[in-house]
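Now for the letters of each chain:
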Amino acid sequence: MSVASGKPIEETRIVSRRLRDYPDDSHTIERFMATGGYEVLRDVLKAGDPSAIHAHVKASGLRGRGGANFPSAVKWESLPADVYPRYLVINADEGEPSTFKDRLLLERDPHQLIEGVIVESYAIGSTLAFIYIRGEFALGYDRVMTALEEARAKGFIGKNILGSGFDLEIVVHRGAGAYICGEESALIESLEGKRGMPRIKPPLPIHVGVYSKPTVVNNVETASTIPHIIRMGGEEYAKMGLNRSTGTRLAAISGHVNKPGVYELEFGLTLREIIYGIAGGIRDDRELKFFLPGGASFQWLINTDEHLDQIYDIDDITAKLGTTLGSGAIMVYDETTDPLLVAWRLAKFYAHESCGKCTPCREGTDWLEKILYRMSHGEGRPDDMDMLLDVSRGMSPDVMRAPFTQTTICPLGPSPVSAVASLQKYFRAEVEAACGVAAGVAR
Amino acid sequence: MFSDANRRRAVEIVAQYPNPHSAIGPLAHLAQDQDGWLTLEAMEEIAELCETTPADVQGVTSFYSMYKRRPCGKLVVSVCTNVTCLVVGGPEILEHLEHHYATDDDVWVEEVECLAACGLAPSMQVNYEFHESLTPESAEQIVDDYKAGRRTARGVSGGRVA
Ligand SMILES: Cc1cc2nc3c(=O)[nH]c(=O)nc-3n(C[C@H](O)[C@H](O)[C@H](O)COP(=O)(O)O)c2cc1C
Ligand code: SF4
Ligand code: FES
């Protein structure tokens, strides 16, 4: 018997409302303003009280949607007082495998993001904001640039916005193909015209960010949500969701499901309800084999009642199953999928995207890729699984722990270890069979 | 060398930033859209505009996979083989296109990481324009359409070129 969350198994559309209701022109300023757009901006500038925005965001319980789930209001509170200029940077670098929600917001509702950027800049006292957009997102870039021109023509950007005395410029900066630039300190390096290599922390970007000034980095979905929080009121927003996972989040569901796509979900559904209800279940009437509930970097789950009955809640899933909801990607694989092949391709990704600054990551991701390649291509050796665990220890000493432990400057290094730990936990027998242990094949 | 129009655009881009060094990446995109790849002359001009050395520009840009260090033809075809595309035929599309355009100097086929188009995988981009739900045949047809001018391509760095 499966457990039911008691919530309706349907989307709750807040940030995705307009783009779903008006698929043809949700990106235009006409549609945006005809559906309430820029009204929150008018209201907050008229009220003239940035601290009221902060109070709403605090009451909403909003946590960053970029993967780390850090409470947004707390981040703002860490800004050093009286240090100006300070910058807002929107992280639109979306490159985590199978995460594809920010692209939708950029291409289909750019004004919603821009209104969020202006409101957030006003709240924190920034007069220059950057949108760092993944280089490959050519259409997203065009849409955001057009939207900025339109917003400027209406007086929402520039000097003395709507007569409020508040000035703001927004610069859109294209990346150029480097996943690591999604990590906030690497993003800042990249924005400064350098190689995108993460900085050693502390200091955190909130203290020493772009051009050594205090910098708030926020994900596209986070900033896009802020006007809705003001419109609804922080406390109303917090009524959606569950526990400390308030509101909605965009889940990007991909793989062997009948209806892959981006769905806006209130926190609190069960994973079964999401995979079988929202995403339509497994294709071709096959069985589910395993799934990644929080993107490529965290541990996997399998087809058991315990895992499928788990509630979509940031803290609960970590407490009970050790994995996290990460960037909102849910990757689903059916019974025909070789888990070794998925683990290998993820390791290849991390090996390719390692910036090379730390030895455990630069060397370790390469080793994992090489060993997993032979394991997934019929050339595995009987002790390969143990070798994987051994190599993993260099990047993530407590290999099986989830979320992972870390010996490196940033979390990229230990990310592929999540796949190794998942193989060990759930697929050890299958892996051994594939690598000739059962058949007693000697090396 | 930047054309006059692009040189004006470049100066505008530099002026957006509190520090001109930030403009290295955006100017490299502009140069690449103009020239088809990132030439040494372009790097020298970018260095001058960004108040740094050509070696710095080369060092920075070589970190990023979108900047091409040699001519790459008119079309950059980027095929995703990451974990969602992997299980629905991405590698087969890559193999087909690599083989089919192996001797075609106009078409540069490359394997890339997840393009954030996994909902309709397998996916690819042609000069950074998305194409989804592909088969090897439909992918080849799309590339041929660009080649024949039946589809309008962006620049090789994804910009709109006049
Ligand atoms: C390797 C790596 C890649 C990341 N990529 C992204 C990304 O593409 N987009 C994003 O918003 N956050 C990404 N993050 C998280 C950012 O470092 C940062 O936490 C986030 O942008 C903060 O925004 P938020 O508080 O609104 O979530 C990444 C982190 C790491 C370690
Ligand atoms: S962990 Fe890897 S990606 Fe992160 S800073 Fe170190 S080498 Fe670079
Ligand atoms: S895995 Fe291919 S587009 Fe995401």
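Residues numbered from 1 in each chain as written. Chains lettered and ligands numbered in written order. Predicted model: local features only at pLDDT ≥ 70, side-chain atom pairs only at ≥ 80, totals over all residues. Heavy atoms only, no water.

**A few points about the site of ligand 2**
In step 1: Looking at ligand 2, there are 13 residues lining it, with C355, K357, C358, C361 and C410 of chain A nearest.
In step 2: Split into classes, the residues belonging to the shell around ligand 2 amount to eight nonpolar, four polar and one charged. (Near = heavy atom within 4 Å. Nonpolar A, V, L, I, M, F, W, Y, C, P; charged D, E, K, R; others polar.)

**Remarks on the domain arrangement of chain A**
Residues and elements named next belong to chain A.
In step 1: In terms of domain boundaries, chain A breaks down into domain 1 (17-238), domain 2 (241-334) and domain 3 (339-434).
In step 2: Each of domain 1 and domain 3 was reduced to a C-alpha centroid, and the two centroids are 34 Å apart.
In step 3: Residue-level contacts link 12 residues of domain 1 with nine residues of domain 3.
In step 4: Across the domain 1/domain 3 interface, buried area totals approximately 890 Å², and carbon plus sulfur atoms make up 76% of it.
In step 5: One can count two residue pairs in polar contact (both at pLDDT 80 or more) joining domain 1 with domain 3.
In step 6: Across the side of domain 1 that touches domain 3, the residue classes tally to seven nonpolar, two polar and three charged. (Domains from an automatic or database assignment. Contact = heavy atoms within 4.5 Å. Buried area = accessible area lost by both parts, 1.4 Å probe. Polar contact = N/O pair within 3.5 Å; in protein donor to acceptor, adjacent residues only side chain to side chain.)

**Quick look at the domain arrangement of chain B**
Interface size is commonly expressed as the accessible area that is lost once the parts come together.
In step 1: Here chain B is described as being made up of domain 1 (4-63) and domain 2 (75-148).
In step 2: Of note, the centres of domain 1 of chain B and domain 2 of chain B, computed from C-alpha atoms alone, are 29 Å apart.

**Considerations on the interface of chain A and chain B**
In step 1: Every contact between the two is made by 54 residues of chain A and, on the other side, 42 residues of chain B.
In step 2: At the boundary of chain A with chain B, total buried surface from both sides reaches about 3700 Å², with 56% on carbon and sulfur atoms.
In step 3: Summed over the three residues of chain A that lose the most area to chain B, namely R174, A176 and R345 of chain A, the buried surface amounts to 17% of that side.
In step 4: Inspection of the chain A/chain B interface yields five salt bridges.
In step 5: Among the salt bridges present, the one from E132 of chain B reaches R103 of chain A, with a minimum N-O distance of 3.3 Å.
In step 6: At the junction of chain A with chain B, the criterion picks out 27 residue pairs in polar contact (both at pLDDT 80 or more).
In step 7: Elements with a contribution of two residues or more to the side of chain A that touches chain B: helix 6 (102-108), strand 2 (128-133), helix 8 (138-153), strand 3 (169-174), helix 9 (184-191), strand 7 (248-255), strand 11 (329-334) and helix 15 (339-353) of chain A.
In step 8: Broken down by element, the residue count for the side of chain A that touches chain B peaks at eight residues, all from helix 15 of chain A. (Salt bridge = Lys/Arg side-chain N within 4 Å of Asp/Glu carboxyl O. Helix = DSSP H or I, 4+ residues; strand = E, 2+ residues; numbered from the N terminus.)

**Comments concerning the sheet that holds strand 2 (residues 107-112) of chain B**
Residues and elements named next belong to chain B.
In step 1: Taken in spatial order, the four strands line up as 2-1-3-4 in an open sheet, and their pairing is mixed. Every other strand in the sheet has two partners, leaving strand 2 and strand 4 (129-131) as the edge strands with one partner each. When the angles between neighbouring strand axes are averaged without regard to direction, this sheet yields 25 degrees.
In step 2: Sheet analysis places strand 3 (residues 124-126) next to strand 4, joined by three bridges and oriented antiparallel. Note on strand 4: the bridge partner recorded for V126 is E129.
In step 3: Those strands touched by helix 6 (residues 90-100) are strand 1 (75-80), strand 2 and strand 3, and its axis lies near 150 degrees from that of strand 1. (Pairing = 2+ DSSP bridges. Axes fitted to C-alpha atoms, helices over the stretch in contact; angles between N-to-C directions.)

**So, the packing of aromatic side chains**
In step 1: Following the criterion strictly, the structure yields 18 aromatic pairs over all chains and no others.
In step 2: When the centroid spacing of 6.4 Å and the interplanar angle of 70 degrees are considered together, the rings of Y179 of chain A and Y350 of chain A count as edge-to-face. On the criterion of sequence distance, the pair formed by Y179 of chain A in the loop between strand 3 and helix 9 and Y350 of chain A in helix 15 is long-range, its members being 171 residues apart. Just as Y179 of chain A is buried, Y350 of chain A falls in that class too.
In step 3: Chaining the aromatic ring pairs together yields one cluster made of Y87, F130 and Y211 of chain A together with Y17 of chain B.
In step 4: In this structure, R174 of chain A is placed above the aromatic ring of Y141 of chain A, and the distance from its NZ or CZ to the ring centre is 5.6 Å.
In step 5: A cation over a ring is seen here: R151 of chain B above Y146 of chain B, with NZ or CZ 5.9 Å from the ring centre. (Phe/Tyr/Trp six-rings, centres within 6.5 Å; stacked < 30°, edge-to-face > 60°. Buried < 20%, exposed > 50% of the residue type's maximum accessible area, 1.4 Å probe, protein only. Lys NZ or Arg CZ within 6 Å of the ring centre and 35° of its normal.)

**Considering the site of ligand 1**
All names here are of chain A.
In step 1: Of all residues adjacent to ligand 1, which total 18 residues, the nearest are G66, K75, N218, N219 and T222.
In step 2: With respect to ligand 1, the side chain of N91 contributes an N or O atom lying 2.9 Å from an oxygen atom.
In step 3: For ligand 1, an oxygen atom lies 3.2 Å from a polar atom in the backbone of E94.
In step 4: Considering ligand 1 on its own, with 610 Å² of exposed area, one finds that the protein chains cover 89% of that surface.
In step 5: Comparing atom positions with the cavity grids shows ligand 1 to sit within the largest pocket.
In step 6: Looking at which element gives the most residues to the shell around ligand 1, the answer is strand 4 (residues 215-219), with three residues.
In step 7: Broken down by class, the residue content of the shell around ligand 1 amounts to four nonpolar, eight polar and six charged. (Areas by Shrake-Rupley, 256 points an atom, 1.4 Å probe, with all protein chains shown as cover. 1 Å grid on protein atoms, 1.4 Å probe; cavity = no way out; pocket = protein on both sides within 12 Å on 5 of 7 lines; lining within 4 Å. Sits in = over half its atoms within 2 Å of the grid points.)

**Here's the deal with the environment of L340 of chain A**
In step 1: On the secondary structure map, L340 of chain A appears in helix 15.
In step 2: Sequence separation between L340 of chain A and E169 of chain A is 171 residues; the distance between their C-alpha atoms is 48 Å.

**Topic: the confidence of the model for chain A**
In step 1: The predicted model of chain A averages 96 in pLDDT, with 98% of residues at 70 or higher.
In step 2: Predicted confidence in chain A is weakest over strand 5 (residues 241-242) of chain A, with a mean pLDDT of 95, and strongest over strand 2 of chain A, with 99. (pLDDT = per-residue confidence, 0-100.)

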